[in-house]
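Summary of structural features
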Amino acid sequence: MPDVRQRCHLTQLNARWKGKQEVKTSLRTELTVAHICEGFVYNQLEGKGLFGLGGKLTIQPEYQRNYIYADKGGSKEQAVIHSLLKGYPLGLIYFNKVAKDKFEVLDGQQRITSVGRFVTDKFAIMDGANPKFFTSLTKDEQKNINESKLLIYECEGTETEIKQWFETINIAGVPLNDQELLNAIYSGPFVSLAKAEFSNSQNANVQKWSAYIKGSANRQDFLERALDWVSKGDIGGYMSAHRNDDTIKPLKNYFNSVLDWVSAVFVDVLPEMRGLEWGRLYETYHGKSYDPKKISNEVNRLAADDCVTNGKGIFEFLLGGSVDTKLLNIRVFDAKVSRAAYARQTQAAESKGKSNCPLCAVGHDANKKRIYKFEEMDADHVSAWSKGGDSSAKNCQMLCTTHNRAKGNR
């Protein structure tokens, strides 16, 4: 029988599913780890479990995400095995019945793949400082794992019903990221081809992609970025329209065009380039011509400038003609320098009967002789940063907030 936590989980699922199309479910408690791991096949190149249950079970159907429990040192896959050794249940697992004696894993493929990989000696668990493979466990420990019973719900319904059920399971607490969920919803030949290209950690291009895109192949980050760029942000719409395509050539071509353009304009690869909105920048600026050598010199000059506090803004700043300094978040003067400049200006202004804002002092309005409080003024560069001015005390002047903002908007 399910424990209290599992019954609560089922109650949540049923509540969410109420009013939707009905999926037939039946609880199976007779299957053990040994049954599931019979004929287990794991594809190292693609990083996924393929088959189990004597060939009757497809462990990772196309709508499932890649195997990720081996990431970050394999702590999650080891935790699965330690749970079995301690006699803990692995939680509910869901199978989708696709034909007589043919099933695919609807939910639980990470846990099943972890167990299958361990039983076939694909990884070791740590016992203190000692690594232990399945075959190096004691006979009793091997028996405990093999005879561990699993709690499996067998589901049966139409493709639409199963996809909705899959989505409901994940809403209820099994975390998939947005792209993994979209892969499930729009599964088909297009997703299969796209995942083979962009979700394959063995792809020789991953290192190049990683210079410009944050994330990993296993978590679908490269695929998500490729789709985001080609669809101009409408990933779901694009996947729906191309779901049954038997080619991903337009997707690959656009993705490669973006990265080829980036690497041609910016010959230096800096860490700050990773994760920028290259698709948007490509659409905005790829029609303009740039001198890569001059761009390289400017990138390195700005990257070394202590006044530039947002290194990620350097690239869009240069693409836009070096105009929008807000992208660079130029370092402002600290409080000590600002107060010193305020005291100096105020003393000189009071002795001359003029405003301590130099721009008000030369004006013709009522503020010509006004002495502003420190809180009513902002620190500003005498010689603009864009013209070589630095953020030293000698280059600091205080302006009233009205004039400083007006100057900043010019």
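What this report covers is the structure whose coordinates are included nearby. In this text, all values refer to a predicted model and were calculated from it rather than measured experimentally. (Residues numbered from 1 in each chain as written. Predicted model: local features only at pLDDT ≥ 70, side-chain atom pairs only at ≥ 80, totals over all residues. Heavy atoms only, no water.)

As a further point, take the nonpolar core. Core analysis: the biggest nonpolar cluster contains 49 residues, and Phe198, Leu251, Trp261, Phe266, Trp278 and Phe315 have the highest contact counts within it. Elements with a contribution of two residues or more to this core: helix 8 (189-198), helix 9 (206-210), helix 10 (221-231), helix 11 (235-241), helix 12 (249-265), helix 13 (278-285), helix 14 (292-303) and helix 15 (314-319). With eight residues, helix 12 is the largest single contributor of residues to this core. When near neighbours in sequence (up to four residues on either side) are disregarded, Phe198 contacts Trp209, Ala217, Phe222, Leu223, Ala226, Ile248, Leu251, Lys252 and Phe255. (Core = buried A, V, L, I, M, F, W, Y, C linked by side-chain atoms within 4.5 Å. Buried < 20%, exposed > 50% of the residue type's maximum accessible area, 1.4 Å probe, protein only. Helix = DSSP H or I, 4+ residues; strand = E, 2+ residues; numbered from the N terminus. Contact = heavy atoms within 4.5 Å.)

Turning our attention to the pairing of strand 9 (residues 151-156). For strand 9, a buried count of five out of six residues is recorded, marking the element as mostly surrounded by other parts of the structure. As paired elements, strand 1 (residues 24-28) and strand 9 share five bridges and run antiparallel to each other. Paired with Lys24 across the two strands is Glu156, which belongs to strand 9. The pairing of strand 5 (residues 92-99) with strand 9 spans five bridges and is classified as parallel. Among the inter-strand pairings, Phe95 is bridged to a residue of strand 9, identified as Glu154. (Pairing = 2+ DSSP bridges.)

Given two aromatic rings, one states the distance between the centres and the angle between the planes to describe the pair. Scanning the entire structure with this criterion turns up 19 aromatic pairs. Between the aromatic rings of Tyr67 and Tyr69, the centroid separation amounts to 6.3 Å while the plane-to-plane angle is 45 degrees, which identifies the pairing as tilted. For Tyr69, a relative accessible area of 18% translates into the label buried. Note that Arg117 overlies the ring of Tyr42, its terminal NZ or CZ placed 4.9 Å from the centroid. A cation over an aromatic ring shows up here: Arg339 above the ring of Phe374, its NZ or CZ 4.1 Å from the ring centre. (Phe/Tyr/Trp six-rings, centres within 6.5 Å; stacked < 30°, edge-to-face > 60°. Lys NZ or Arg CZ within 6 Å of the ring centre and 35° of its normal.)

This brings us to the environment of Gly91. Along the chain, the position of Gly91 falls in the loop between helix 3 (75-85) and strand 5. What makes Gly91 buried here is its relative accessible area of 9%. The spatial distance from the C-alpha of Gly91 to the C-alpha of Arg111 is 9.4 Å, given a sequence separation of 20 residues.

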